Amino acid sequence: MIRGSRRHPGFLAAMAHRISGLLLALFLPAHFLVLGLAIESEAALEGAIRWTDQPLVKVGEWGLVVLLTLHLGLGLRVLALEFLPWRDSRKTLIGVGVAASLLVGLLFIHNLG
Amino acid sequence: MNDGTLTVEIWRGKDEGRFETYRVPHRESQTILDVVTWVQRNAEPALAYRFACRVGMCGSCAMTVNGKPRWTCRTHVSKVVSSGVVRIEPLRSLPRIKDLVADLTPFFEKWRTARGRFEPSATRADPMAPISPESPKRKAADAGIECINCAVCYSACDVVAWNPDYVGPAALNRAWTLVNDERDNDRAGLLRAVSEAGGCHACHTHGSCVEHCPVGLNPTEGIAGLKRMTLSALLKGALS
Amino acid sequence: MIEARLYLLQRGSAMVLGPLVIIHLGLILYAIQGGLSAAEILERTRGSIAWAVFYGAFVLAAAVHAPIGLRNLAREWLAWRGRSLDYATLGFGLILLVLGLRAVWAVVGVAP
């Protein structure tokens, strides 16, 4: 049940942007730590990469790729709204952002195969 | 509900209170203000609510109807009723005086905080300033000056609800009309005022203000303009 | 005028991240074809100034962008205000910077 004043695309876009940013920010230190395993040895990094071969982890990776593209797309929407002349097509911009992220997600799955 | 009545839940009390339910006859072309008036005249004489013109010009009757801030005199019941139920509360993010009456004092104080007042640069003895209504700045100002301070945008804005410092869309819209007014004498001071905590940079471009403004104004666009102007001033060292 | 400065840093770092993220996504989509391994990654990145510059810039921009975004979220959804919020913002930025530059070093600088 979303509050009446929030049932419009701009709010949903803002929430998707914020939540995706939060999840990415929480992921980033882990990402850096895994890459940092190469300081120990190539084998250590390889071990971590093989760990990610598990199907559930691959789903998580797909999720991260989608989140990143979503955050980028919706972020570009904000930059456009704030720095470019106003267009009433802001709703279209949201659509473009979401579509792009789904496309990237599909490419990820395809390239994995 | 097909028995010709509406189930109307109305907030009673102040910040602490409860919803009370009334059964109101459903009439054709009924507005929410009609419903509230019926309740006060026939069911609950002690119900407090605000209205003035009742024809969609003054903004006094603004309330939250099924979660959305609206002018109740301009809201047909048939447009908002959900399974025969209508829920009416005072405007969000404002202190409650009684029942459906909100206290607009913080709204106007924030207007002052954003320096929403004109600083004169001439006296009555000086000739009139020649401003073309077609100039881009005047058009930008004109796009915002019809604001009648009804506080619908303020109540629609989630950042206002989440951040007590945020001055809100109406105050910043007013600042935008002034920053584009060539006769205003203190552009630098105004840009400083809207760059404080709770100023234009707190806006996240949700656009709820544009969605809900009954006059069709666009505070998000004006706030984006203020962001660009303050950035420009910051980069030139003119903001501190 | 801290809010204006943070806004500048946030939007500025976003503009830097835009192209970097697009390139990074392209790289990853390319790299995962036929499976991924540490050897494949490291044989490309080891000793490369170009990778160091690219990912160094990426880390720097992310270390500015993410904490400011989280700061807004904390202030609005956790009602976190004041000095402690400022220190936490700075702290998280430093963590990202240190861990991130260490990761860049790990794939570019560390000898096999």
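Residues numbered from 1 in each chain as written. Chains lettered and ligands numbered in written order. Predicted model: local features only at pLDDT ≥ 70, side-chain atom pairs only at ≥ 80, totals over all residues.

(A) Structural view of the overall build of chain A. Each helix and strand counted, chain A has four helices and zero strands in total. For chain A, the share of sequence-separated contacts (at least 6 apart) that also reach a separation of at least 24 residues comes to 71%. (Helix = DSSP H or I, 4+ residues; strand = E, 2+ residues; numbered from the N terminus. Contact = placed C-beta atoms within 7 Å.)

(B) Representation of the interface of chain A and chain B in the model. Contacts between the two partners involve 13 residues from chain A, matched on the other side by 17 residues from chain B. Listing elements by their share of the side of chain A that touches chain B, those giving two or more residues are α1 (9-36) and α3 (55-83) of chain A. Of the residues in the side of chain A that touches chain B, the class split is six nonpolar, four polar and three charged. (Nonpolar A, V, L, I, M, F, W, Y, C, P; charged D, E, K, R; others polar.)

(C) Structural detail: the interface of chain C and chain A. Each side of the interface is counted separately: chain C has 29 residues, and chain A has 27 residues. The set of elements that each furnish at least two residues to the side of chain C that touches chain A consists of α1 (2-31), α2 (38-45), α3 (49-77) and α4 (83-108) of chain C. Broken down by element, the side of chain C that touches chain A gets its largest block of residues, eight residues, from α4 of chain C. When grouped by side-chain class, the residues that make up the side of chain C that touches chain A number 22 nonpolar, five polar and two charged.

(D) Representation of the sheet that holds strand β4 (residues 68-71) of chain B. Residues and elements named next belong to chain B. Taken in spatial order, the five strands of this open sheet run β2-β1-β5-β3-β4, and their pairing is mixed. Each of the sheet's edge strands pairs with one partner strand only, and the pair in question is β2 (17-25) and β4. Here the strands of the sheet are splayed against their neighbours by 35° on average, with no regard to which way each runs. The pairing of strand β3 (residues 62-65) with strand β5 (residues 85-89) spans two bridges and is classified as antiparallel. Bridge pairing in β5 links T64 to E89. (Pairing = 2+ DSSP bridges. Axes fitted to C-alpha atoms, helices over the stretch in contact; angles between N-to-C directions.)

(E) The arrangement of the pairing of β3 of chain B in detail. Residue and element names in this part refer to chain B. Of the two faces of β3, both are covered, the one formed by A62 and T64 as well as the one formed by M63 and V65. The pairing of β3 with β4 spans four bridges and is antiparallel. Directly across from A62, in β4, lies its bridge partner W71. (Buried ≥ 20, exposed ≤ 12 C-beta atoms within 10 Å, placed from the backbone.)

(F) Structural context of the confidence of the model for chain A. The pLDDT averaged across chain A works out to 85; a share of 86% of its residues lies at or above 70. Considering each helix and strand of chain A separately, the mean pLDDT is smallest for helix α4 (residues 90-112) of chain A, with a value of 69, and largest for α1 of chain A, with 94. (pLDDT = per-residue confidence, 0-100.)

(G) Spatial organisation of the nonpolar core. Counting residues in hydrophobic clusters, the biggest one holds 64 residues, and the most contacted among them are V86, I88, L172 and A175 of chain B. With seven residues, helix α7 (residues 169-179) of chain B is the largest single contributor of residues to this core. Looking at which domains feed residues into this core, each of domain 1 (5-102) and domain 2 (105-235) of chain B supplies at least three. Every residue in contact with V86 of chain B, bar those within four places of it in the chain, is listed here: L6, V8, I32, V35, V65, N66, V77, V80 and V81 of chain B. Listed in part, the 22 residues of the second largest apolar core include L45 of chain A together with A38, A61 and V107 of chain C. (Core = buried A, V, L, I, M, F, W, Y, C linked by C-beta atoms within 7 Å. Domains from an automatic or database assignment.)

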